[in-house]
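Analysis of the macromolecular model
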Amino acid sequence: RTQRDSEWVFLAEVAVNASLPAPTVRHAALGKSVTLANPPVRKEALFTYATPGPASFLTDGYQCNMPDWQTPEWLGFDKDLNATIDLGSVIDLHQVGATFTQHVYNRIRIPQSMEVFASDDGKSFRKVAQVTHPPSNQGELTATLSAHLKEVKGRYVRVVAPCRAGWLFVDEIVVNRQAAP
C-alpha cells in the first residue's frame, strides 16, 4: 500500500504479458455509454466507492457475484441509482436487470424496487417495468433484479433504484442477456 495525495492504492496482483479474462456476461449494453444522474460516492478517507470511469463499470461485462462491496466491481451510492444507457440504436428490449449487494452491518441494502424506463430519443422516457425485492435481514448476499419485457423497443434504457437509509451498491446492468459462447 502507498499513500499519495491522501488516497490509498491497493495492489492485488502484478502480471507480465498476461491476458485479461473475457467478460463474464454478454448482453446488448456491453461497452455502451452510461450516464448517471447521481455520481457514486467518493470518500476522502480510506475507501473510494467510485472506481475510475465509474459509469463504464456498469456495462463492462464483468459481473461480481460475491457480496464483497469493497471490490472494484461495485459502485456505491448514498442517493438513488439513476443510470441511463445509450444502446446506439433502437432495439427490441426483452430483459433488463441489475446486480446489487447487501451487507447489513455496513448499512448496504438491496433496493426494494427497481424501475425500468425506455426511450427512442433520450428525452421522453416511458416506464416499461417495475421489479420488487422483498426486504431481507440476511447479513451478506447478492441479488439480480430483472424485468422481462414484451413488445418493448428503445435506444435508451434507464434503471432507477431507491437508496434506502444507507448505501446502495450496484454492479452490472444487463440488457438482453445473451448465452455464453
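What this report covers is the structure whose coordinates are included nearby. As the structure is a prediction and not an experimental result, all values here were calculated from the model. (Residues numbered from 1 in each chain as written. Predicted model: local features only at pLDDT ≥ 70, side-chain atom pairs only at ≥ 80, totals over all residues. Heavy atoms only, no water.)

1. Section: the overall build of the protein
Let me state the cut-off plainly: By the criteria applied, helices consist of DSSP H or I runs no shorter than four residues and strands consist of E runs no shorter than two, each listed in order from the N terminus. Only protein chains enter the accessibility calculation, which uses a 1.4 Å probe. A residue is then buried if its area is under 20% of the maximum for its type, exposed if over 50%, and partly exposed in between. Here a residue-residue contact requires only that any non-hydrogen atoms of the pair lie within 4.5 Å. Using the Shrake-Rupley algorithm and a 1.4 Å probe, accessible areas are obtained, with residue cover drawn only from the displayed protein chains.
Looking only at helices and strands, the protein features 0 helices and 9 strands. Walking the protein from its N terminus toward its C terminus, one meets helices and strands in the order β-β-β-β-β-β-β-β-β. Across the 181 residues that make up the protein, the buried fraction comes to 41%. Of all intrachain contacts in the protein linking residues separated by at least 6 positions in sequence, the fraction that spans at least 24 positions is 78%. For the protein, the exposed area adds up to about 10,300 Å²; of that, 51% sits on carbon and sulfur atoms.

2. Remarks on the pairing of strand E8 (residues 140-161)
Threshold: Whether two strands pair depends on DSSP finding at least two bridges between them.
Taken together, the 18 bridges between strand E5 (residues 81-103) and E8 define a ladder with antiparallel strand orientation. Residue pairing across strands places Ile85 opposite Val157, the latter belonging to E8. Of the pairings in the sheet, the one linking strand E6 (residues 113-119) to E8 comprises 5 bridges and is antiparallel in character. When the sheet's bridge partners are listed, Ser119 is paired in E8 with Tyr156.

3. Considerations on the environment of Val160
Looking at where Val160 falls in the secondary structure, it is placed in strand E8. Looking at Val160, the relative accessible area reads 17%, which means it is buried. The spatial distance from the C-alpha of Val160 to the C-alpha of Asn82 is 4.5 Å, given a sequence separation of 78 residues. Sequence-distant contacts of Val160, that is, excluding residues within four places in its chain, are made with Leu81, Asn82, Ser113, Met114, Glu115 and Phe117.

4. A look at the packing of aromatic side chains
Here is the rule: Classification of ring pairs rests on two measures: the distance between centres of Phe, Tyr or Trp rings, Trp counted by its six-membered ring, which must be within 6.5 Å, and the angle between planes, read as stacked under 30 degrees, edge-to-face over 60 and tilted in between. As a reminder, the over-ring test applies to NZ of lysine and CZ of arginine, requiring each to be within 6 Å of the ring centre and within 35 degrees of the ring normal.
Following the criterion strictly, the structure yields 1 aromatic pair and no others. Taking the centre distance of 6.0 Å and the plane angle of 50° together, the rings of Trp167 and Phe169 count as tilted. The same class applies to Trp167 and to Phe169, which are both buried. The ring of Phe125 carries Arg158 above its face, with NZ or CZ at 3.7 Å from the centroid.

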